[in-house]
Amino acid sequence: YYTAFGLRAARLIGLADERWSSLAAEWTSWSGTVDDIVQCNCLVVIARMCGVQAPRLVEAVKAHLAVSSRQHHDIYSSFLTMVTFGLLGIDHPAISTAVEAIRACRRSDAGYADQSLADSGLNTTAAAVAVLVAAGAMAEEERQRTGDFLAALQRPDGGLASHALVTEADLL
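Residues numbered from 1 in each chain as written. Predicted model: local features only at pLDDT ≥ 70, side-chain atom pairs only at ≥ 80, totals over all residues. Heavy atoms only, no water.

### A few points about the overall build of the protein
Basically, it comes down to this: Strands are runs of DSSP state E lasting at least 2 residues, helices are runs of H or I lasting at least 4, and numbering of each runs from the N terminus. Categorising residues by exposure relies on relative accessible area from a 1.4 Å probe, with only protein chains included: less than 20% of the type maximum marks a residue as buried, more than 50% marks it as exposed, and the intermediate range marks it as partly exposed. The contact criterion used is simple: two residues touch if any of their non-hydrogen atoms lie within 4.5 Å.
Helix and strand counts for the protein come out as 8 helices and 0 strands. Secondary structure elements of the protein occur, N-terminal to C-terminal, as α-α-α-α-α-α-α-α. Taken over the C-alpha atoms alone, the protein extends approximately 50 × 35 × 25 Å along its principal axes. Taken across its 172 residues, the protein has 38% of its residues classed as buried. Relative to all contacts within the protein whose residues are 6 or more apart in sequence, the contacts with residues 24 or more apart total 55%.

### A closer look at helix α6 (residues 95–103)
The cut-off we apply is this: The arc in question is formed by the directions pointing from the helix axis toward the C-beta atoms.
Taken as a whole, α6 has its buried residues at A98, V99 and I102. Down the axis of α6, the smallest arc covering the buried residues is 100°, so these residues share one side. For α6, the secondary structure elements touched by its buried residues are α5 (75–87) and α7 (122–134).

### Let's talk about the pattern of salt bridges
Short version of the rule: Take a side-chain nitrogen of Lys or Arg and a carboxyl oxygen of Asp or Glu: if they are within 4 Å of each other, that pair is a salt bridge.
Following the criterion strictly, the structure yields 2 salt bridges and no others. We note a salt bridge from R103 to E142, for which the minimum N-O separation is 2.9 Å. Here R103 is found in helix α6, whereas its partner E142 is found in helix α8 (residues 140–152), with 39 residues between them in sequence. The exposure class assigned to R103 is partly exposed, which follows from its relative accessible area of 37%. With a closest N to O distance of 3.9 Å, R106 and E142 form a salt bridge. Pair noted here: R106 is in the loop between α6 and α7 and E142 is in helix α8, with a separation of 36 residues, a long-range link.

### Some remarks on the nonpolar core
Definition in use: Only buried residues count toward a nonpolar core, which is a set of Ala, Val, Leu, Ile, Met, Phe, Trp, Tyr and Cys residues joined through side-chain atoms within 4.5 Å.
Among the nonpolar cores identified, the biggest contains 22 residues, and L7, C40, I46, C50, L57, V61 and L65 are the most heavily contacted of them. When residues of this core are traced back to their parent elements, those giving at least two are α1 (2–12), α3 (37–49), α4 (55–68) and α5. A total of 9 residues in this core trace back to one element, the largest contributor, which is α3. In this structure, A98, V99, C105 and A128 belong to the second largest nonpolar core, which totals 13 residues.

### Quick word on the confidence of the model for the protein
Quick reminder of the rule: For every residue, the predictor assigns a confidence score, pLDDT, that lies between 0 and 100.
When the pLDDT values of the protein are averaged, the result is 83; 91% of them are 70 or greater. Helix α2 (residues 18–27) is the least confidently modelled element of the protein, averaging 71 in pLDDT, while α8 averages 96, the highest of any element.

### Looking at unusual backbone geometry
A positive phi angle, near 80°, is found at A110, a position not held by glycine. Mapping A110 onto the fold places it in the loop between α6 and α7.

Have a look at this one:
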């Protein structure tokens, strides 16, 4: 996670020269286990940023995704799974399962919240929208209502709050 962010920052400020990239590329040959979707996504992002073909890493990530993509523990994991499959150039094999799980998380205010949360939030709604739109599973009425939910989160300064009860925009 931090390596991926650090490499992005290094590239933005012109630090990510050949040395940085080759060291980071070396790191992607890591032979540990891939434990969660955040690790999968970060390792794939690092490999792509460094221009590395890491077949062992890709196979480990694919193996983890093959199992976890059918479980969809939460909206954000479903979103990261979809993004990671996309980075690998692979169609999400369980996108319909993800869509069903996300639909179950829609709240009456047209936002989305994970099963453990009562209130809709900006992050979960944005992640849900990304998956639903990518899957071609968001009807016009749903787009409109969810758009209204998101618009209601915009604060006078132009930023968006993390959820309806927050009075100020959130930069996190």
